[in-house]
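Residue-level structure breakdown
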Amino acid sequence: MLTLLAEEKLFTLPAATIAGHAHQSAHADTSTPIHNASTGATIGWQQQASAAQIDAAVRAAHAALPAWRATAAATRGDLLKKIAELIESNRDRLAEMQMQVSGKPPFEAGLDVSDAAATFDYYAGLCRDAALFAPEAIDLPDHTITGERFYESVGVAALIVPWNFPMVTTAWKMAPALAAGCTVVLKPSEFTSPVEHLLAAIIAEAGVPDGVVNLVNGGGAVGAQLTTHPLIDKISFTGSTASGQKVMQAAAQDMKRVTLELGGKSALIVRADADIEGAVTLAVGGAFANAGQMCSATARILVHDDVYRKFMATFETAVRSIVVGPPTGADVTMGPLVSAAQRDRVQTLLAQGVDAGASVAFSGQLDSACANGFFMAPVVIAEPAADNVLWTDEVFGPVACVKSFRTDEEAIALANDTRYGLVATVVTADKEAARRYKSQLRAGLVWINTPQLIFPQVCWGGLGLSGIGRELGLAGLRSYQELRHAIADAN
Ligand code: NAD
């Protein structure tokens, strides 16, 4: 059932999977290549869904909605549990595919598999909690009247995801959507869609009825067509702020519900009392994990003056020891960027920032194993001007900036001087100071002395240009439900 695409010579992904059936494209010339990010080689092709296929996928989801919505939550939960188990039992092939298309080192690819399985498992658990799906009585002042609140699935959801954590972002949407009783049309990123095709095969193998999960391939134009389809009730979008703004505009036409998980430009703050070795470990992970291609990248590092020199010396040693290379390489700790276009975009931004006066403090290195893939060495910028593009804009690659500060007020002001507001990290030995930072930093999630830990129980989402709504947790489930009420004569 589940084909290991990586074993085939050159695979071709169908344009769409609609109600359990693969649909080929009549227009081979619209196919786009899928690359191995570490070698640059074409490993397969992805057909693009036509307007008619997008329409058919949405209609299939719409047709499957009444039965799926009426399915007991516990039964939906059993299927989610089965999906989680199948993700685990297909761990190697899922990780292998991520290593191929994204070049993720094995430990990063493995983390993604674990996160996706944990997300399906968590929502399977919520489905077993009957109270979450049952009507709730509201205590009213007039006892001749009863009030009730209840939740009903929103309907057909379009799930549109990027390429940086394809399986994870898909799981964060798919699991709560299915738990809530929504049917879906998934549009993966055109760069990493083989991962979602494997996931879709797993979902079918778990026994999710045909039509509940449909998939269409293509780029932004295909995503845009989904967002304007009149039978789509909800759009859950993860991607850039620029695309998110277009999605929100498209959604406004029919007042479609939206969840938008967008960009970031987050800060990591190192107070004078911080353990510097620990702070450097968090800075390396926050800026260079997944080759810096993280919405949550803490690429603005703020370091107290008193420990700045020590921090920079330790950081330099750590950055110079990052081993960049293909996932097959021994000791590799950082992979390539996802595509040549993304690497060129990051390098152009870096050049723009340097031209405007930013100075490179130190950088990592590339060896001959990086000759053909989309690799870039990690780069650290010291004390960029407040209006330098590297300080203000999301780079989405392995470029971090470090700035010094003297007071907590200054650090908080610098950290909050952005229109984004996704996450922040604080490193300090002072619990009281941590509490102040937690409440004053403008971010959806604040980590205190920890790496970027993510749990399905803890909601994810940002303020300002970082998006609208929350994924994961109970709020993630509720975002695929409409809150409704009834008032009745008690007699
Ligand atoms: P992108 O906006 O270019 O594309 C994201 C997805 O949207 C892709 O599937 C793309 O084909 C589709 N798309 C593009 N234009 C569209 C449109 N007008 N209508 C509908 N769909 C459209 O982003 P990307 O380059 O793939 O991903 C990187 C961005 O994603 C970064 O800005 C990053 O911060 C963000 N991101 C955010 C989170 C989060 O949780 N906040 C997580 C991961 C990535």
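Below is a summary of the structure that appears in this document. From a predicted model like this one, the values you see are computed outputs, not experimental measurements.

**Details of a nonpolar patch on the surface**
- On the surface, Leu 453, Phe 455 and Val 458 cluster together into a nonpolar patch covering about 260 Å² of accessible area.
- Its place among the elements puts Val 458 in the loop between strand 19 (445-448) and strand 20 (467-468).
- Residue classification places Val 458 among the partly exposed residues on the basis of a relative accessible area of 38%.

**Brief notes about the packing of aromatic side chains**
- Summed over the entire model, instances satisfying the criterion amount to seven aromatic pairs.
- Ring geometry for Tyr 122 against Tyr 123: centres 4.8 Å apart, planes inclined by 75°, an arrangement best described as edge-to-face. Residues Tyr 122 and Tyr 123 agree in their burial class; the two are buried.
- With 5.6 Å between their ring centres and 65° between their planes, Trp 172 and Trp 460 make a pair best called edge-to-face. Of this pair, Trp 172 sits in helix 6 (residues 166-180) while Trp 460 sits in the loop between strand 19 and strand 20, and the two are 288 residues apart along the sequence.
- In this structure an aromatic cluster arises from ring pairing among Phe 288, Phe 311, Phe 315 and Phe 362.
- In this structure, Arg 478 packs its charged tip against the face of Tyr 151, placed 3.5 Å from the ring centre.

**Description of unusual backbone geometry**
- Despite not being glycine, Ala 291 shows a phi value in the positive range, around 55°.
- Relative to the helices and strands, Ala 291 is located in the loop between helix 10 (276-288) and strand 14 (300-304).
- Given a relative accessible area of 0%, Ala 291 falls into the buried group.
- The phi torsion at Asn 449 lies on the positive side, around 55°, for a residue other than glycine.
- Within the secondary structure, Asn 449 sits in the loop between strand 19 and strand 20.

**Describing helix 1 (residues 51-70)**
- Relative to the 28 Å expected for 20 residues at 1.5 Å per residue, helix 1 spans 30 Å between its end C-alpha atoms, a close match to the ideal helical length.
- The largest bend in helix 1 amounts to roughly 40° and is located at Ala 64, with the proline Pro 66 lying one to four residues further along.
- Taken together, the buried positions of helix 1 are occupied by Gln 53, Ile 54, Ala 57, Val 58, Ala 60, Ala 61, Ala 64, Leu 65 and Trp 68.

Here is what the cut-offs are and how they apply
- In this convention, every chain numbers its residues from 1, walking through the sequence in written order.
- With pLDDT at 70 or above as the cut-off, local features in this predicted model cover only qualifying residues; side-chain atom pairs require 80 or more to be listed or tallied, and sums for whole chains, interfaces and linings still use all residues.
- In computing side-chain values, all of the structure's heavy atoms are included and hydrogens and water are not.
- A patch consists of residues whose relative accessible area exceeds 30% and which take part in no salt bridge; residues with like charges are grouped when within 9 Å of each other, and nonpolar side chains (Val, Leu, Ile, Met, Phe, Trp, Tyr) when within 5 Å.
- Each accessible area is a Shrake-Rupley estimate made with a 1.4 Å probe; only the visible protein chains count as cover when residues are assessed.
- The working definition used for a salt bridge is a side-chain nitrogen of Lys or Arg within 4 Å of a carboxyl oxygen of Asp or Glu.
- Only DSSP runs of H or I covering at least 4 residues are called helices, and only runs of E covering at least 2 are called strands; the numbering of each starts at the N terminus.
- Accessible area is worked out with a 1.4 Å probe on protein chains only. A residue is then buried under 20% of its type maximum, exposed over 50%, and partly exposed in between.
- Put simply, two rings from Phe, Tyr or Trp (the six-membered ring, in Trp's case) pair if the centres are within 6.5 Å, and we call them stacked under 30 degrees between planes, edge-to-face over 60, tilted for the rest.
- For a Lys NZ or an Arg CZ to count as sitting over a ring, it must be within 6 Å of the ring centre and within 35 degrees of the ring normal.
- One less than the number of residues in a helix, times 1.5 Å, gives the span that helix is expected to have.
- Bend at a given residue is defined as the angle between two axes, one fitted to the seven residues that end at that position and one fitted to the seven that begin there.

So yeah, pure geometry; function would need other evidence.
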